[in-house]
Amino acid sequence: MTVWDDLVGQERVSEQLAAAARDADAFVTAAASDVPPPEASRMTHAWLFTGPPGAGRNQAARAFAAALQCVSPDRALGGAPGCGFCDGCHTALVGTHADVSRVAAVGSQILVEAMRDTVRKSFTAPANGRWQVILVEDAERLNEKSANAVLKAVEEPAPRTVWLLCAPSVEDVLPTIRSRCRHLVLSTPSVEAVADMLVRREGIEPDVAAAVARATQGHVDRARRLATDPAARARRAAVLKLPLRVEDVGGALRAAQELVDAAAEDAKQLAEERDGKETEDLKAALGAAQGGRLPRGTAGAVKDLEEMQKRRRTRTQRDSLDVALADLTSFYRDVLALQLGSRIALANTDAEDALERLARSSTPESTLRRIEAIAACGEALDRNVAPLLAVEAMTMALRAG
């Protein structure tokens, strides 16, 4: 199983990355043996991965990072980099490779403080790997200062450093940065490709795999979570009942409160799993005895960690709400398809009775207004409007139609 097997429905991108990894391997081998590297190379120092949510931007970047660090003995016999089982591939994929640095937004932005050490590391030679790889998973969340720090590093990179930036679209990245990157566009994988992956890789029953792939419309991560997490399926089922609960003002406000509370509870559960261990690990690293006081001058580090954890909880709640908004949009898209007599397959066949009821009781125009209200809610959340206020405005708009 190679590293490219995780890229669902992205055969063209896999071929391009595999070719670049082979050229990168030839470059390192030539440098080690004082042989001139190939003149024509498909490898470059900076890459930009774009595509819609669920297409697998981060997975593609991680697979490429693994292929660049591949140390499989088969390579000496002509095997391609990216075997998927060697130490270099494995540690790069799970995030423990010393020469693969991953940067992701904790809150709504990637702050320059989070980039300084990474940018500094990008100018150093690999410690024990073949390349120094910097993976920025949320490049669209770079603020002005952190983007400028990345720009300086991308303009004049070290010889064995590779930057991998991931963003929804090329317009989400500064023109000065994207002009220095090789651009790869990922597309939404087909429902059939996602279902096949769930059967092969996760052992999901074919009918269940087909249902969740259709429900998520090709979003690989959400399909995998729906197929394997009963709690995720329960949350989705609750969201799909919301359109029938907003027939009066009280119902609309209660539905909004419950949606926000569910997202907050989801964030709280994830935080409880991570925050306590992180705090204890930091205190131990700072020299605090078990259950004892912190050494003098180290309280600021703990406070910084707590602030980071708070931003992460807010981001997790936002991510949970984003999933709910995507499910609602999918629901009303099916309603609109029924109203217009479209032949496209319904995504939410498990809620077909509710879909037909709303399709009969409303007009296509009102359905479009409801879809616009959901999009407006997402935009309000992006502007840091209080979640309950934004969701209440949406549910009231869904009621009005």
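Structure: above.
Residues numbered from 1 in each chain as written. Predicted model: local features only at pLDDT ≥ 70, side-chain atom pairs only at ≥ 80, totals over all residues. Heavy atoms only, no water.

Draft legend 1. The arrangement of the overall build of the protein chain in detail. In terms of helices and strands, the protein chain carries 15 helices and five strands. On C-alpha atoms alone, the protein chain measures out to a radius of gyration of 24 Å, which is about the 21 Å that the 2.2 N^0.38 rule sets for 401 residues. Burial statistics for the protein chain: of 401 residues in total, 46% are counted as buried. Residue pairs in contact within the protein chain that sit at least 24 positions apart in sequence constitute 72% of those at least 6 positions apart. Surface summary for the protein chain: the accessible area is close to 20100 Å², and the carbon and sulfur share equals 52%. With 51 positive and 56 negative side-chain charges, the protein chain shows a separation of 3 Å between the mean positions of the two kinds. (Helix = DSSP H or I, 4+ residues; strand = E, 2+ residues; numbered from the N terminus. Rg over C-alpha atoms; globule rule 2.2 N^0.38 Å. Buried < 20%, exposed > 50% of the residue type's maximum accessible area, 1.4 Å probe, protein only. Contact = heavy atoms within 4.5 Å. Areas by Shrake-Rupley, 256 points an atom, 1.4 Å probe, with all protein chains shown as cover. Lys, Arg positive; Asp, Glu negative; His and termini not counted. Charge placed at Lys NZ, Arg CZ, Asp CG, Glu CD.)

Draft legend 2. Representation of the pairing of strand S4 (residues 161-167) in the model. Most of S4 sits out of view: seven of its seven residues are buried. Here S4 shows a buried face lined by Thr161, Trp163, Leu165 and Ala167 and a second buried face lined by Val162, Leu164 and Cys166. Alignment of strand S1 (residues 46-50) against S4, held across five bridges, turns out to be parallel. Residue pairing across strands places Leu48 opposite Leu165, the latter belonging to S4. Relative to S4, strand S3 (residues 132-136) runs parallel, the two being bridged by five bridges. When the sheet's bridge partners are listed, Leu135 is paired in S4 with Leu164. (Pairing = 2+ DSSP bridges.)

Draft legend 3. Just the pattern of salt bridges, in detail. In total, this model carries 18 salt bridges according to the counting rule given. Arg180 serves as the salt-bridge partner of Glu155, at 3.2 Å between the closest nitrogen and oxygen. Of this pair, Glu155 sits in helix H5 (residues 144-155) while Arg180 sits in the loop between helix H6 (175-178) and strand S5 (182-185), placing them 25 residues apart in sequence. Between Glu258 and Arg245 there is a salt bridge; the shortest N-O distance is 2.8 Å. (Salt bridge = Lys/Arg side-chain N within 4 Å of Asp/Glu carboxyl O.)

Draft legend 4. Focus on the side chain of Thr118. Within the element layout of this structure, Thr118 appears in helix H4 (residues 112-122). Among residues more than four places away in sequence, those in contact with Thr118 are Ser101, Val103 and Ile134.

Draft legend 5. Structural context of H5. Taking 1.5 Å as the rise per residue, H5 with twelve residues should run 16 Å; its terminal C-alpha atoms sit 16 Å apart, in good agreement. Looking only at H5, the buried set comprises Ser146, Ala147, Ala149, Val150, Leu151, Ala153 and Val154. Buried residues along H5 sit against S1, H4, S4 and H6. A side-chain oxygen of the first residue of H5 lies 3.2 Å from the backbone nitrogen of Lys145; this N-cap is Asn143. (Expected span 1.5 Å × (residues − 1). Polar contact = N/O pair within 3.5 Å; in protein donor to acceptor, adjacent residues only side chain to side chain.)

Draft legend 6. Here's a closer look at helix H10 (residues 230-241). Taking 1.5 Å of rise per residue, twelve residues should cover 16 Å, and H10 covers 17 Å from first to last C-alpha, within 8% of that figure. Burial in H10 covers these residues: Ala232, Arg236, Val239 and Leu240. Angularly, the buried residues of H10 cover 95° about the axis, an arc narrow enough to put them on a single face. Facing away from the buried side of H10 by more than 90 degrees, the exposed set consists of Pro230 and Lys241. The N-cap of H10, judged by a side-chain oxygen 3.0 Å from the amide nitrogen of Ala231 a few residues on, is Asp229. (Arc of directions from axis to C-beta.)

Draft legend 7. The side chain of Arg130, seen in detail. Structurally, Arg130 can be placed in the loop between H4 and S3. Residue Arg130 is classed as buried on the basis of its relative accessible area, which comes to 15%.

Distances and angles like these do not, on their own, reveal function.
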